[in-house]
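Coordinates in review
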Amino acid sequence: MKIHLPNSAFLGNIDPFLKALDTSDPKKLEITANKNWISIHPMVLSMVAAIGITITDPSKITCEKLEATSKHYLKRMGLFDFLRIDSDIRITEHEPAGRFIPLTQIKDSISLTKFITEMTPLLHLDPKHAGPIKYIVSELVRNVLEHSSSQYGAILSAQYYKESNIIRIGVADTGVGIKRTIGHSYQVSTDLEAIRLALMPGITGTTRREGGTEFNAGAGLFFIKSIASVNHNFFVIYSGDAMYKLLKRTTREPKLYADPFRDRHSTNDRLPHWNGTVVGIDISLDATQEFSTLLDLIRKIYVEAVKERKEAKYKKAKFI
Amino acid sequence: MIHIHLFPKTGSFAENKDIARDIRIHSIIPALENNQEVILDFEKIDSVTQSFVHALISDLIRKYGSDVLDRINFKSCNESIQKIINIVIDYMQASA
């Protein structure tokens, strides 16, 4: 695996970074970086760390000596600890807490609950903003724990950006990927088709039955996409060869769709193959709609989607 | 009637589905089987996930039908929690 950390890779311009990944040799990791500046979304960091921990022999991980001044950011986020590399970078802890969540590996349900409890003070969030962020982290990481079958669990990181007043979150796993998970219940031939289904409310890989199982409703990703959509934010999901990107909504009135392809979006189904799933999301704290308003929208579309699917299965009269 | 206080088990953010399932199997179902009514008390809980509520009650609606909702009382729910509970209930009834 070869990864180049570019000068800029955020959700809006993540495509070149993903296209440039070289995933041909998963047993080693070579990291190169832009010489002048490295400014990357936590999704990118989580991906690098997620690959790093799968490589048991640290000598198979190489990272060129970083020259960019922003290399301290990578150190502070804990990347070199995950890669087991001595970066020679020393940082002074000016801010004891900071407004970021360093790279964190979560492998079980109890650790996730503990992590969420401790997370809010790290980001200095007020309750209005803490709610949606905790919601997103819980649902994304539980998806990994329940569906990815990865022994390494979920790798998560987040960062608050003062200038834009946005919290950016990235969660990566190196599990079986969405196509295989959804494929347990639905026939899917491509990764993009699987991603599309996974984003629809009420679709889960655990059953085809409407209403889900006693443990899975198939609504987690739909809720998360909805939070991004109503707040005019990006949301990216990448699994296998495909990526779906929710683009910022241009209309004033929030409108949710059960089918993610009806949202303003872009896709790419010819990316280097990622074994597992990666999700990146931005949450603008300026625009955070009241969570309660969002729930009204979700309630409407969620039930409509079930009714539409049921009606689609109705027997039709044969008129001869 | 049994009164189940969720906060001691879930904390202020109820998101752990394993705990939800545990409450359903070990507290709610035995009470319903004994023809008791159930109070699910959300006092001190600020927020819940849809997944948590689904794991807590969806199987009750599937198993006993929507009439089971006449025997379950949701207490001290803030506006968002009420909405999430309603989403799950609507969804399960639409799916029936």
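Up top you'll find the structure we're talking about.
Described below are features of the structure shown in this document. (Residues numbered from 1 in each chain as written. Chains lettered and ligands numbered in written order. Predicted model: local features only at pLDDT ≥ 70, side-chain atom pairs only at ≥ 80, totals over all residues.)

The subject of this paragraph is the overall build of chain B. The secondary structure content of chain B amounts to four helices and five strands. In sequence order, chain B lays out its α and β elements as β-α-β-α-β-β-α-β-α. Compactness check: chain B gives a C-alpha radius of gyration of 12 Å against a globular reference of 12 Å for 96 residues, within 12% of the reference. Viewed in the frame of its principal axes, chain B has a C-alpha envelope of about 30 × 25 × 20 Å. The proportion of buried residues among the 96 residues of chain B is 42%. (Helix = DSSP H or I, 4+ residues; strand = E, 2+ residues; numbered from the N terminus. Rg over C-alpha atoms; globule rule 2.2 N^0.38 Å. Buried ≥ 20, exposed ≤ 12 C-beta atoms within 10 Å, placed from the backbone.)

Each partner contributes to the interface: chain B provides 28 residues, whereas chain A provides 29 residues. Listed by contribution, the elements that provide at least two residues to the side of chain B that touches chain A are α2 (17-33), α3 (50-64) and α4 (79-95) of chain B. Per-element tally for the side of chain B that touches chain A: the top contributor is α4(B), with eleven residues. Its residues assigned to classes, the side of chain B that touches chain A comprises seven nonpolar, eleven polar and ten charged. (Contact = placed C-beta atoms within 7 Å. Nonpolar A, V, L, I, M, F, W, Y, C, P; charged D, E, K, R; others polar.)

This next bit is on the sheet that holds strand β3 (residues 29-33) of chain A. Residue and element names in this part refer to chain A. Within the open sheet, the three strands sit side by side as β1-β3-β5. Their pairing is parallel. Looking at strand neighbours, the two that pair on one side only are β1 (2-5) and β5 (61-63), the edges of this open sheet. If you compare each strand with its neighbour and ignore which way they point, the axes differ by 15 degrees on average. (Pairing = 2+ DSSP bridges. Axes fitted to C-alpha atoms, helices over the stretch in contact; angles between N-to-C directions.)

So, on to the pairing of strand β9 (residues 235-240) of chain A. All names here are of chain A. Of all six residues making up β9, six are buried, and the element is well covered by its neighbours. The pairing of β9 with strand β10 (residues 242-246) spans five bridges and is classified as antiparallel. Within β10, the residue paired with I237 across the bridge is Y244. Where β9 hands over to β10, the hairpin turn is made up of one residue, counted between the paired strands.

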